[in-house]
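Working through the structure, step by step
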Amino acid sequence: MPETRKDIHAIKRKAILDTQTLYNRVIAFYMGFFTAHLAVFDEMVRYTKKNGEPAERHWTGPELLTFAETHTLSTPSLSIDACNRRAARHIQNAHGIAPGCHQSRQR
């Protein structure tokens, strides 16, 4: 028997509430994670300007996300796509993290 509009509305409403719950859990996780790693917001990343001069800047949003992934994901076969490779290099250099390794090296 086909579902009524009321049934469909209830299914959509449940999906929205489930998504909201998941979203809130993700926000709480990242707030807790970055509260425990506040120093990362003060760190500067070295880069080379287009004219070849060295410079420093704060981490970008994608780099911060890669930092969080590096410290929380345990999947050894995690491949970082091309747009995150640069961020991963900065993170690895700044924190002494070996590529593909989730433990810090001794400095």
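Going by the structure above, here's the rest.
Basis of the calculations
Residues numbered from 1 in each chain as written. Predicted model: local features only at pLDDT ≥ 70, side-chain atom pairs only at ≥ 80, totals over all residues. Heavy atoms only, no water. Axes fitted to C-alpha atoms, helices over the stretch in contact; angles between N-to-C directions. Helix = DSSP H or I, 4+ residues; strand = E, 2+ residues; numbered from the N terminus. Parallel < 35°, antiparallel > 145°, perpendicular 65-115°, else oblique. Contact = heavy atoms within 4.5 Å. Nonpolar A, V, L, I, M, F, W, Y, C, P; charged D, E, K, R; others polar. Buried < 20%, exposed > 50% of the residue type's maximum accessible area, 1.4 Å probe, protein only. Polar contact = N/O pair within 3.5 Å; in protein donor to acceptor, adjacent residues only side chain to side chain. Core = buried A, V, L, I, M, F, W, Y, C linked by side-chain atoms within 4.5 Å. Patch = residues over 30% accessible without salt bridge, like charges linked within 9 Å, V, L, I, M, F, W, Y side chains within 5 Å. Areas by Shrake-Rupley, 256 points an atom, 1.4 Å probe, with all protein chains shown as cover. Salt bridge = Lys/Arg side-chain N within 4 Å of Asp/Glu carboxyl O. Pairing = 2+ DSSP bridges.

This part is about the packing of helix α1 (residues 5-36) against helix α2 (residues 61-72). Interhelical geometry of α1 versus α2 gives an angle of 85 degrees and a closest axis separation of 11 Å. The orientation of α1 with respect to α2, classified from their angle, is roughly perpendicular. Residues Phe-29, Tyr-30, Phe-33 and Phe-34 of α1 pack against Leu-64, Leu-65, Phe-67, Ala-68, His-71 and Thr-72 of α2. In terms of residue class, the contact of α1 with α2 is built from eight nonpolar, two polar and no charged.

Mapping Thr-70 onto the fold places it in helix α2. For Thr-70, a relative accessible area of 16% puts it in the buried group. Here Thr-66 takes part through its backbone oxygen, which lies 2.7 Å from a polar atom of the side chain of Thr-70.

Another point: the nonpolar core. In terms of nonpolar packing, the biggest core is built from eight residues, these being Phe-33, Phe-34, Val-40, Val-45, Trp-59, Leu-64, Phe-67 and Ala-68. Contributing elements (two or more residues each) for this core: α1 and α2. If you tally residues by element for this core, the top one is α2, at three residues.

With that out of the way, let us pick up a nonpolar patch on the surface. Taken together, the side chains of Tyr-23, Ile-27 and Met-31 define a hydrophobic patch exposed on the protein surface, amounting to about 330 Å² of accessible area. You can see Ile-27 is positioned in helix α1.

Before going further, it helps to examine the pairing of strand β1 (residues 44-48). As defined by bridge partners, β1 adjoins strand β2 (residues 54-58) across five bridges and the pair is classed as antiparallel. Each residue of the ladder has a partner; that of Val-45, found in β2, is Arg-57. Counting the residues that bridge the hairpin from β1 to β2 gives five residues, and of these Gly-52 lies at a positive phi of roughly 95 degrees.

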